[in-house]
Amino acid sequence: MRGCLVTIALLLAIALAATWYVLPPLAGTLTQGALSAAGFDADTTTVTVTADPPPKLLTLTADSVRIQATNVTYHGMRATSADVTLAEVSFAARTFQSLDGTLKGVRIQPGGGSELGVPLVRLSGPADRIQATMSIPAADAEALAGAAVETVIGITPERVSLVDPDRVRVEVGGLAVSARLALRQDGALLLVAPNGNPIGSVALVVPGPDVPFRIDSFEIVDGGLEIVAVVANPG
């Protein structure tokens, strides 16, 4: 009888050890499969699942899931790298409590606009209101405004400069126009010129179906543009 109990205890110890070491990488593999099914693709992807203690994963929940990837494509977005951590994850419900991370070298094709390049996007917030803070350098922000103006009037501006807090100075055809940035009700970012000016109102960044976000606010900083957008829950 004693030998039988020892054997059972040994088997339980082995099972517990297996659970401790096998469940986290197994959960990581399953997460990678779920990402692929959702349209997430990358050259390399590393998923780190953390649960304390690891047997907690038997309940299909984890304290955190960290996703690190390179050369990412996700619907209408591309990024050279991604490092995102999801907190309080439920694998069964496919939900998480909050998200925090960064995307680098991002290229977005918003609806109704030219491709937008963003060197750094910071992601943070609860699952129902994830904020994406996009930092666009001055040269890129000026090029974005210049391209939008050109599509409307057919002339390339000689010079475009952004001035705090919301002004955009456009020099075209020997004339200088002082326009401003504004948000449309649907979350699009507009360049609005004075009444009677041929530039009129032109969209710079428009949320598209492949990259669902709504611009919440913007700020001109050192001639560059910082956009804060609310992202739809990717879960």
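Data block above holds the structure.
Heads up: these notes are all about the structure in this document. All values reported here derive from a predicted model rather than from experimental measurement. (Residues numbered from 1 in each chain as written. Predicted model: local features only at pLDDT ≥ 70, side-chain atom pairs only at ≥ 80, totals over all residues. Heavy atoms only, no water.)

## Some remarks on the sheet that holds strand 9 (residues 167-172)
- The sheet built from 5 strands is open, its strands ordered 8-9-10-11-12 with antiparallel pairing. Pairing within the sheet leaves two strands with one partner each, and these edge strands are strand 8 (159-163) and strand 12 (201-205). When the angles between neighbouring strand axes are averaged without regard to direction, this sheet yields 25°.
- In this fold helix 2 (residues 138-153) packs onto strand 8, strand 9, strand 11 (189-192) and strand 12, with an angle of close to 140° to the strand it touches most, strand 12. (Pairing = 2+ DSSP bridges. Helix = DSSP H or I, 4+ residues; strand = E, 2+ residues; numbered from the N terminus. Axes fitted to C-alpha atoms, helices over the stretch in contact; angles between N-to-C directions. Contact = heavy atoms within 4.5 Å.)

## A short note on the environment of Val 72
- In this fold, Val 72 is placed in strand 3 (residues 61-74).
- The exposure class of Val 72 is buried, given its relative accessible area of 2%.
- For the pair formed by Val 72 and Phe 40, sequence separation is 32 residues and the distance between their alpha carbons is 7.3 Å.
- Among residues more than four places away in sequence, those in contact with Val 72 are Phe 40, Asp 41, Ala 42, Met 77, Arg 78, Ala 79 and Ala 82. (Buried < 20%, exposed > 50% of the residue type's maximum accessible area, 1.4 Å probe, protein only.)

## Concerning the environment of Leu 99
- Summarising the element assignment, Leu 99 is placed in strand 5 (residues 98-108).
- The exposure class of Leu 99 is buried, given its relative accessible area of 9%.
- When near neighbours in sequence (up to four residues on either side) are disregarded, Leu 99 contacts Val 84, Thr 85, Leu 86, Leu 123, Ser 124, Gly 125 and Ile 130.

## Section: the side chain of Ser 64
- Here Ser 64 lies in strand 3.
- If near-sequence neighbours (up to four positions away) are discounted, Ser 64 is found in contact with Thr 48, Val 49, Thr 50, Thr 85, Leu 86 and Ala 87.

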